[in-house]
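# A structural walkthrough
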Amino acid sequence: MNKMILLGAPGAGKGTQAEAISDKLGIPQISTGNMLREAVKNGTELGLKAKEAMDSGALVSDDIVIGILKDRIAEPDAANGFILDGFPRTVAQAEALDTMGVAIDVVMEIAVPDERICARMSGRRVCESCGASYHIEYKPTTVEGICDKCGGKTVQRVDDTPETVLSRLAVYQEKTAPLKDYYAKTGKLVTVEGQEEVADTTKLVFKALGVQD
Ligand code: AP5
């Protein structure tokens, strides 16, 4: 169970659970969202191309994302497995992963109703240095505004405004939700119901993976 995909709507808790699995299994969390935000922050050519789509809640083009993902999984720390958080997000991206010859062990969907997602997003804070994700109520930092992991500053994401969250949810339904069928056909899809508390979801995630809590 070392190569896994986390599927789920924006704010379903993919990043939060990917961090927990990464800590537990010692395999890297690979978040295309975090990589793209880093590129935007650093003003790279890639970041300039991605920024407009990200700020509006649209998807970055398949070509760009497939390229960065391919390079990332070729890095040494991914040799023993990884958790894909936010990739694939279209059928074309899933097909590209297959073409790369990546044998995925499990695809885990974290299911959360849209109403709960909108409430969650307003309280999310992310570390601007390492990308770790927090919530002011459900997963607060020990010191307000400071990342527990790296000491960086935590901030609100520009795409977490209520209007942008609604368009991201619509994009998810149109472009990403079809991946559930894509992976159900392979027999690799498992669904975990996202719970009110982070720790309760983590328990279900570990149980589904057959990992000791
Ligand atoms: P990305 O960063 O991947 O955003 P996303 O998929 O929209 O997902 P989020 O990061 O918003 O949510 P999450 O599910 O990780 O939830 P989290 O754990 O933070 O992508 C951003 C943008 O980049 C995209 O819009 C697109 O433009 C581009 N992009 C990225 N990948 C791409 C791709 N493959 N192709 C094309 N474009 C791509 O949790 C949310 C909040 O809730 C947190 O505050 C958390 O603390 C809290 N929380 C989590 N679980 C619980 C719980 N159980 N109870 C209470 N609170 C909880």
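The sections below set out a description of the structure shown in this document. (Residues numbered from 1 in each chain as written. Predicted model: local features only at pLDDT ≥ 70, side-chain atom pairs only at ≥ 80, totals over all residues. Heavy atoms only, no water.)

## Topic: the site of the ligand
Taken together, 36 residues sit near the ligand, with Thr-16, Ala-58, Arg-89, Arg-124 and Arg-168 positioned nearest. Thr-201 places a polar side-chain atom, nitrogen or oxygen, 3.2 Å from a nitrogen atom of the ligand. Taken together, the residues of the shell around the ligand sort by class into 14 nonpolar, 12 polar and 10 charged. (Near = heavy atom within 4 Å. Polar contact = N/O pair within 3.5 Å; in protein donor to acceptor, adjacent residues only side chain to side chain. Nonpolar A, V, L, I, M, F, W, Y, C, P; charged D, E, K, R; others polar.)

## Observations concerning the nonpolar core
Counting 26 residues, the largest nonpolar core has Ile-5, Val-60, Phe-82, Leu-84, Leu-97 and Ile-104 as its most contacted members. It is helix 4 (residues 62–73) that provides the largest number of residues to this core, a total of six residues. Leu-97 has contacts with Ile-5, Leu-69, Leu-84, Phe-87, Pro-88, Val-102, Ile-104 and Tyr-183, leaving out every residue within four places of it along the chain. Listed in part, the 13 residues of the second largest apolar core include Met-4, Met-108, Val-192 and Leu-209. (Core = buried A, V, L, I, M, F, W, Y, C linked by side-chain atoms within 4.5 Å. Buried < 20%, exposed > 50% of the residue type's maximum accessible area, 1.4 Å probe, protein only. Helix = DSSP H or I, 4+ residues; strand = E, 2+ residues; numbered from the N terminus. Contact = heavy atoms within 4.5 Å.)

## Digging into the packing of aromatic side chains
Overall, the coordinates contain one aromatic pair when judged by the stated rule. Aromatic side chains Tyr-182 and Tyr-183 sit 5.0 Å apart centroid to centroid with 80 degrees between the ring planes, which places their arrangement in the edge-to-face category. Just above the ring of Tyr-134 sits the side chain of Lys-139; from NZ or CZ to the centre is 5.4 Å. (Phe/Tyr/Trp six-rings, centres within 6.5 Å; stacked < 30°, edge-to-face > 60°. Lys NZ or Arg CZ within 6 Å of the ring centre and 35° of its normal.)

## Some words on the sheet that holds strand 8 (residues 189–193)
Through backbone hydrogen bonds, the strands of a sheet pair up, either in parallel or in antiparallel fashion. Pairing within the open sheet is parallel, and its five strands lie in the order 2-3-1-4-8. The open sheet has two free edges, formed respectively by strand 2 (29–31) and strand 8, since each of these has just one partner strand. Between one strand axis and the next, the sheet turns by 25 degrees as a mean value, whatever way the strands run. As paired elements, strand 2 and strand 3 (residues 82–85) share three bridges and run parallel to each other. Among the inter-strand pairings, Ser-31 is bridged to a residue of strand 3, identified as Asp-85. Contacts from helix 2 (residues 32–41) reach strand 2 and strand 3, with the element oriented near 60 degrees to strand 2. (Pairing = 2+ DSSP bridges. Axes fitted to C-alpha atoms, helices over the stretch in contact; angles between N-to-C directions.)

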